[in-house]
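Breakdown of the fold
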Amino acid sequence: MGCLVQPFSLFVNQSSHELLFLLFVQKKSMAKIGINIATGSLQQQEMIVGIDLGTTNSLVAIIHPESRKPVVLKEHDGNALVPSVIHFGEAGLVSVGDEAKKYLVAEPHNTIFSVKRLMGKSYNDVRDYSSFFTYKVIDDNSESLVKVQVGDTFYSPIELSSYILKELKARAEHILKTPVTKAVITVPAYFNDAQRQATRDAGRLAGLDVLRIVNEPTAASLAYGLGLRNDETKTIAVYDLGGGTFDISVLRITGGIFEVLSTNGDTYLGGDDFDRAITQYWSAKLGLTDEELNANKNIAQELRLLAEEAKKQLSSTIEFKGSIAGEELVLTREEFEKLAKPFVDRTIQCCKNAMQDAQLSITDIDEVVMVGGSTRVPLAKKSVAEFFGRALHDSLNPDEVVALGAAVQADILAGNNKDFLLLDITPLSLGIETMGGLMDVLIPRNSKIPSKAGRQYTTQKDGQPGMRISVYQGERDLVKDNRKLAEFNLTGIPGMPAGLPKVEISFLVNADGILVVKAKELRSGVEQTIEVKPQYGLTDEEVEKMLLDSITHAKEDIKTRALVEAQTEAQQILDTTRLFVEKNKTFLLQEEIEITEASMKDLAQKMSSTDKDAIQAAIEKLNDISRPYAERLMDHAISTAMKGKSITE
Ligand code: ADP
Ligand code: MG
């Protein structure tokens, strides 16, 4: 079974990659509108919510159906944040959020916090931090994924996260008075596939269809409207200081694609460190030792809560006054900043590292986005603004901005966005394998669906009875770097000289996104059809990765393609020339045969090199030698067989 050969040199350069992934167009048709019976307001039939599933706090946001602005969902108490804490009480009673947080100190064994740190992790991954967790993290099999033991029950981090998501879903349904089944969930940019999959699974377990997993820094940028124009190229630093983690991400947006240039940070650095520093400072003032604090959990808990209160207040005042057990406690902004400075300095060092990894200098950064509750601390703002030498995006609530951006993304997915609509497009190119393992694209990426394309191919060998048709998806020039979708054989091609059969391959991507591939030999009418789902099993992140890979490898791909093309051409010329000489020996001079064979030997040798120019030169030479006698001998019989071959040019 031979490979496909195109009859004419239709070698288009497929490597001119433009970075358009999200295709934005003016909205043409209205989305379906429904009326919310409870509120009387108009709303889209399908509400897709954005969820920030945080280490410390989680929350939900939507695009307000009337104002079309992203808003966080708040309960009557005006609180949007749900602490990411789960408490397992008596008789199987489970509480989540503020209610569960009350048990953190009193019932450390059955009050689970920071479960996000365990997502997609094995015990080996978290071993060094085991003392951080006050609950039991199972360590019997260090290779498998961690489980948490509460009483006699074992919970996976996925199950635990699903409790938080269920709570968020219930709240959203309570506030919106409508079922919520679809969501976009955010994760840190550095989350690997296992962690992303775990997050998806947690969503599914909570009864949510997770339409997309979005990077937190990407969502934060979207909340500020960055990346919503397709002609925009920007480099953005996203500084995210949360409760227990610090992340700095450097992103580049080009025409709607967010590319993570670098990430850095510290998974054990955040607002909790500020609280601890204040607690220690006050304990020293009160003359309390660590043993005394350990022995008196209530005082410890009270101190910790008061410390957090002081820290928060000092973001807007310059002095805090409180009391514990009749003792007055004071903290000034100045004192707090002294305590916080070492931690803030560490975040700045991470920023330096991130810039270095991205190979950028400060002046390359166009925007700085502040994320995370702890960026309310004035010292953090000041230090970041100084480091980047520019004004910060900090007008939105920093602990809400990720959820707000997730809502923006959800809205685009729902097709509700007034100005922009994410069209149904093929996110990756579709094509087939041709000689030398090259990718021949029939439907380029970003084609509108439905889409149709066809091209003619021919056989490589005389009497070739069939053809293998391998269908691929991706942007790379060699099929081995792309994703194989399907393969089938077109058999029963009647015996014909090489180059004579006309095999038409047609691709149709129908409205459901299903690809129908048809191969038909036009002279005999033999045909074969196959159907594939190109996006099946492919996540958005994988699609994005494939696109970015093609950009990273563009240069080397162009080179490889040129070489493979030269080698393929050389092989074809060698085959046809050999056949020609064999068939026409009697009409050729001995001298012509010798010089041809020498030239063929030279070409065969050059062919195995990686020097494309040398191969092309050898092809030219062989052509020059054979052209005079080929022209001389071109009688009717052979002219048919030789038609379209490069030997006659
Ligand atoms: P995460 O992303 O880790 O889930 P958040 O972004 O919600 O966390 O940030 C939580 C942290 O923000 C906590 O340490 C909290 O004390 C801190 N924080 C919240 N409000 C303020 C404030 N006004 N001043 C200083 N820190 C604050
Ligand atoms: Mg966060």
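Everything numeric in this text was worked out from a predicted model, so none of it was measured.

What counts, and where the lines are drawn
Residues numbered from 1 in each chain as written. Chains lettered and ligands numbered in written order. Predicted model: local features only at pLDDT ≥ 70, side-chain atom pairs only at ≥ 80, totals over all residues. Heavy atoms only, no water. Helix = DSSP H or I, 4+ residues; strand = E, 2+ residues; numbered from the N terminus. Buried < 20%, exposed > 50% of the residue type's maximum accessible area, 1.4 Å probe, protein only. Contact = heavy atoms within 4.5 Å. Areas by Shrake-Rupley, 256 points an atom, 1.4 Å probe, with all protein chains shown as cover. Pairing = 2+ DSSP bridges. Axes fitted to C-alpha atoms, helices over the stretch in contact; angles between N-to-C directions. Phe/Tyr/Trp six-rings, centres within 6.5 Å; stacked < 30°, edge-to-face > 60°. Lys NZ or Arg CZ within 6 Å of the ring centre and 35° of its normal. Near = heavy atom within 4 Å. Polar contact = N/O pair within 3.5 Å; in protein donor to acceptor, adjacent residues only side chain to side chain. Nonpolar A, V, L, I, M, F, W, Y, C, P; charged D, E, K, R; others polar. Domains from an automatic or database assignment. Salt bridge = Lys/Arg side-chain N within 4 Å of Asp/Glu carboxyl O. pLDDT = per-residue confidence, 0-100. Core = buried A, V, L, I, M, F, W, Y, C linked by side-chain atoms within 4.5 Å. Parallel < 35°, antiparallel > 145°, perpendicular 65-115°, else oblique. Left-handed = near helix turned anticlockwise from the far one by under 90°.

Moving on: the overall build of the protein. Broken down by element type, the protein carries 16 helices and 30 strands. Looking at the protein as a whole, 51% of its 649 residues are labelled buried. Of the contacts formed within the protein by residues at least 6 apart in sequence, a portion of 65% connects residues at least 24 apart. For the protein, the exposed area adds up to about 30,300 Å²; of that, 50% sits on carbon and sulfur atoms.

Time to look at the sheet that holds strand β30 (residues 527-532). Judged by pairing direction, the sheet is antiparallel, and its four strands sit side by side in the order β25-β28-β29-β30 without closing on themselves. Taken across any chain shown, the strands that pair with only one partner, and hence form the sheet edges, are β25 (451-457) and β30. Here the strands of the sheet are splayed against their neighbours by 15 degrees on average, with no regard to which way each runs. In this structure, strand β29 (residues 515-521) lies alongside β30, joined through six bridges in antiparallel fashion. If you follow Leu515 over to β30, its bridge partner there is Val532.

Attention now moves to the packing of aromatic side chains. In this description, an aromatic ring pair is defined by two values, namely the gap between the centres and the angle between the planes. Inspection of the entire model under this criterion finds 16 aromatic pairs. One aromatic cluster is present, built from ring pairs that chain together Phe113, Tyr129, Phe132, Phe133, Tyr135 and Tyr268. In this arrangement the basic side chain of Arg117 is found over the ring face of Tyr268, its NZ or CZ atom lying 4.2 Å from the centre. When the ring centre of Tyr163 is taken as reference, the NZ or CZ atom of Lys166 above it lies at 5.1 Å.

On to the sheet that holds strand β12 (residues 148-150). The strand order across the open sheet built from three strands is β11-β12-β13, with neighbouring strands paired in antiparallel fashion. Of all the strands in the sheet, the pair left with one neighbour each is β11 (136-137) and β13 (153-155). Here three bridges tie β12 to β13, and the two strands are oriented antiparallel to one another. Note that in β13 the partner of Val148 across the bridge is Tyr155.

This part is about the site of ligand 1. Near ligand 1 lie 17 residues; those nearest to it are Thr56, Asn57, Glu308, Lys311 and Ser315. Gly373 is positioned with one of its backbone polar atoms (N or O) 2.9 Å from an oxygen atom of ligand 1. If ligand 1 stood free it would expose 580 Å²; the protein chains cover 90% of that surface. Taken together, the residues that form the shell around ligand 1 break down as one nonpolar, 11 polar and five charged. Per-domain counts for the shell around ligand 1 show at least three residues from each of domain 2 (31-224 + 398-413) and domain 3 (271-338).

Counted according to the given criterion, the structure contains 33 salt bridges. A salt bridge links Arg561 to Asp477; its shortest N-O distance comes to 2.7 Å. Here the residue Arg561 occupies a position in helix α13 (residues 554-583), and Asp477 occupies one in the loop between β26 (467-473) and β27 (483-490), the gap between them amounting to 84 residues. Look at Asp477 and you get buried, because its relative accessible area is 1%. For the salt bridge of Glu487 with Lys484, the shortest nitrogen-to-oxygen distance reads 2.6 Å. Of the residues examined, Lys484 reaches a relative accessible area of 43% and is grouped as partly exposed. Taken together, the shared-partner salt bridges connect Arg476, Lys480, Asp481, Glu556 and Asp557 into one network.

For the protein, per-residue confidence averages 84 on the pLDDT scale, and residues scoring 70 or more make up 86% of the total. This stretch, residues 1-37, has a pLDDT under 50; its non-local contacts, to residues over four places away or in other chains, come to 119 contacts. Low pLDDT (under 50) marks residues 418-423, which in the prediction has 20 contacts with non-local residues, meaning those over four places away or in another chain.

This part is about the nonpolar core. Counting residues in hydrophobic clusters, the biggest one holds 46 residues, and the most contacted among them are Val49, Ile51, Ile112, Tyr135, Leu160, Leu165 and Ile185. It is helix α3 (residues 157-176) that provides the largest number of residues to this core, a total of six residues. By size, the runner-up hydrophobic cluster in this structure holds 42 residues, among which are Ala277, Ile365, Val368 and Phe388.

The next thing to look at is the packing of helix α14 (residues 590-607) against helix α15 (residues 612-633). Across the interface, α14 lies against α15 with an axial gap of 9 Å and an inter-helix angle of 155 degrees. Classified by the angle between their axes, α14 and α15 sit roughly antiparallel to one another. You can see that α14 and α15 cross each other, and the crossing is left-handed. For the pair α14 and α15, contact is made by Glu592, Ile595, Thr596, Ser599, Met600, Asp602, Leu603, Lys606 and Met607 and by Ala614, Ile615, Ala618, Ile619, Lys621, Leu622, Ile625, Tyr629 and Arg632, respectively.

A positive phi angle, close to 60 degrees, is found at Arg68, a residue other than glycine. Positionally, Arg68 belongs in the loop between β5 (57-63) and β6 (70-72).

Attention now goes to the side chain of Ser95. You can see Ser95 is positioned in strand β9 (residues 94-96). Apart from residues lying up to four places away in sequence, Ser95 is in contact with Val85, Ile86, His87 and Ala100.

A packed helix pair is summarised by two numbers, namely the angle formed by the two axes and the spacing between the axes. For the pair helix α5 (residues 216-223) and helix α11 (residues 401-414), the least separation of the axes is 7 Å and the interaxial angle reads 80 degrees. The pairing of α5 with α11 is recorded here as roughly perpendicular in orientation. Mapping the contact onto sequence places Glu216, Ala219, Ala220, Leu222 and Ala223 in α5 and Val401, Val402, Leu404, Gly405, Ala406, Val408 and Gln409 in α11. Residue classes in the contact of α5 with α11 are distributed as nine nonpolar, two polar and one charged.

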